[in-house]
Amino acid sequence: MLIREAIAQGSADLKFAGIKTPGLDASLLLAHILKISRTSLIAAGNERLSEKNCALFCELIERRCSGECVAYITGKKEFRDLDFIVNKSVLVPRPDTETLVEAVIEIISKLDKNETQINVLDLCTGSGAIAIALKNEIPELEIYAADICADALEVAKQNADNLLGYNKIHFYQGNLFNALLNTTLHTPRNGENSSHKFSLIVSNPPYIPSGDIQTLSAEVQNEPHLALDGGEDGLEIIRRIIDEAPENLQKGGFLLLEASPDQMESIAILLEKNGFNDIKLYNDLSGSQRVIGGKLEK
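A quick note: this is a predicted structure, and the numbers were derived from the prediction, not measured.

Analysis parameters
Residues numbered from 1 in each chain as written. Predicted model: local features only at pLDDT ≥ 70, side-chain atom pairs only at ≥ 80, totals over all residues. Heavy atoms only, no water. Helix = DSSP H or I, 4+ residues; strand = E, 2+ residues; numbered from the N terminus. Expected span 1.5 Å × (residues − 1). Bend = angle between axes of the 7 residues up to and from the residue. Buried < 20%, exposed > 50% of the residue type's maximum accessible area, 1.4 Å probe, protein only. Contact = heavy atoms within 4.5 Å. Pairing = 2+ DSSP bridges. Salt bridge = Lys/Arg side-chain N within 4 Å of Asp/Glu carboxyl O.

Trainee: Could you give me a rundown of helix 10 (residues 236-248), with the residues and numbers involved?
Mentor: Taking 1.5 Å as the rise per residue, helix 10 with 13 residues should run 18 Å; its terminal C-alpha atoms sit 19 Å apart, in good agreement. The principal kink in helix 10, of about 25 degrees, is found at Ile242, preceding the proline Pro246 by one to four residues. Along helix 10, the residues that are buried comprise Ile237, Ile238, Ile241, Ile242, Ala245 and Pro246. Tucked into the core, helix 10 has its buried residues touching strand 3 (119-123), strand 6 (198-203), strand 7 (249-258), helix 11 (264-273), strand 8 (276-283) and strand 9 (289-296).

Here it is in structure tokens:
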């Protein structure tokens, strides 16, 4: 079978299975098998596939038809121009989450970096995508990342080592802020003792209502429910983060959260009740409200 014929057949099978991007997915899977780029794959359309690669391609197409996402099949996903290792211990990094990274960068650009070291905490770090992207784009940041899941944290550490080098990010395992109990943060550049609190806290936490998870697409349901399930109203983890953030933030520090557009009004109320002002919403590429942030009152 020729490469172009394999792509056509794989695309047809995926389309029949209800996959929304059959041509793209078939190309990505075959390029993965052949260890070449999609551009090179197209150029090689009239070359013949080996029987071994044909069989392997059919196997991967079957996995995709069953609802397993391309990222889990290939073991990687691009985020902010970085190739992240992913497996079923972590959520697949999505373009929506780039909105959170961009919001943090916007805020940091307005801070005085000469007075003190800027410490950023990424809660529910998963694959480490947010923390690693921030450290990659602003190397002078002191980044801390925490997750309750040991397996997820191992993925994040591996990604950080691969993409940044060793020991560039401080990783901790535990339930939200409990992961950082007794942790000493980087001291200010002026040498004075600080409150050892964070300049910014960011998170893409679980925010899907428990009852809605079974209605999600098959590929999302294959992702770790621990990273999806936000409790009865979807705000259980978000509520805890907002309640506990003031004790862990510097006065004038910022909290930014990714969430569902229909949760933003409720989150804004929670932020205001916990001493945050200057509440701001950030839209994703589709124009939906995807990130909300606030500044802790001085």
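Trainee: Could you give me a rundown of the side chain of Asp25, with the residues and numbers involved?
Mentor: Residue position: Asp25 is located in helix 2 (residues 22-34). The buried category is assigned to Asp25, whose relative accessible area is 4%. Other than its neighbours up to four places away in sequence, Asp25 contacts Leu14, Ile19, Arg64 and Val70.

Trainee: Now, about the pairing of strand 7: what can you tell me, with residues and values included?
Mentor: Among the ten residues in strand 7, eight count as buried, and that is most of the element. The pairing of strand 6 with strand 7 spans five bridges and is classified as parallel. In the sheet register, Ser203 faces strand 7, and the bridge partner there is Leu257. Across five bridges, strand 7 lies against strand 9 in antiparallel orientation. Looking at strand 9, one finds that Phe254 is bridged to Lys295.

Trainee: So what's going on with the pattern of salt bridges? Which residues, and what values?
Mentor: Summed over the entire model, instances satisfying the criterion amount to 14 salt bridges. Residue Glu98 is joined to Arg80 by a salt bridge in which the shortest nitrogen-to-oxygen separation is 3.3 Å. Of the two residues, Glu98 sits in helix 6 (residues 95-108) while Arg80 sits in the loop between strand 1 (76-79) and strand 2 (82-85), which places them 18 residues apart along the sequence. In this structure, Lys110 and Glu106 form a salt bridge, with 3.8 Å as the shortest nitrogen-oxygen distance. Note on Lys110: relative accessible area 64%, which makes it exposed. A relative accessible area of 28% places Glu106 in the partly exposed class. Each member of the salt-bridge network shares a partner with another, and the members are Arg80, Glu98, Glu102 and Glu137.

So far we have only geometry, and geometry alone does not tell us how the molecule works.
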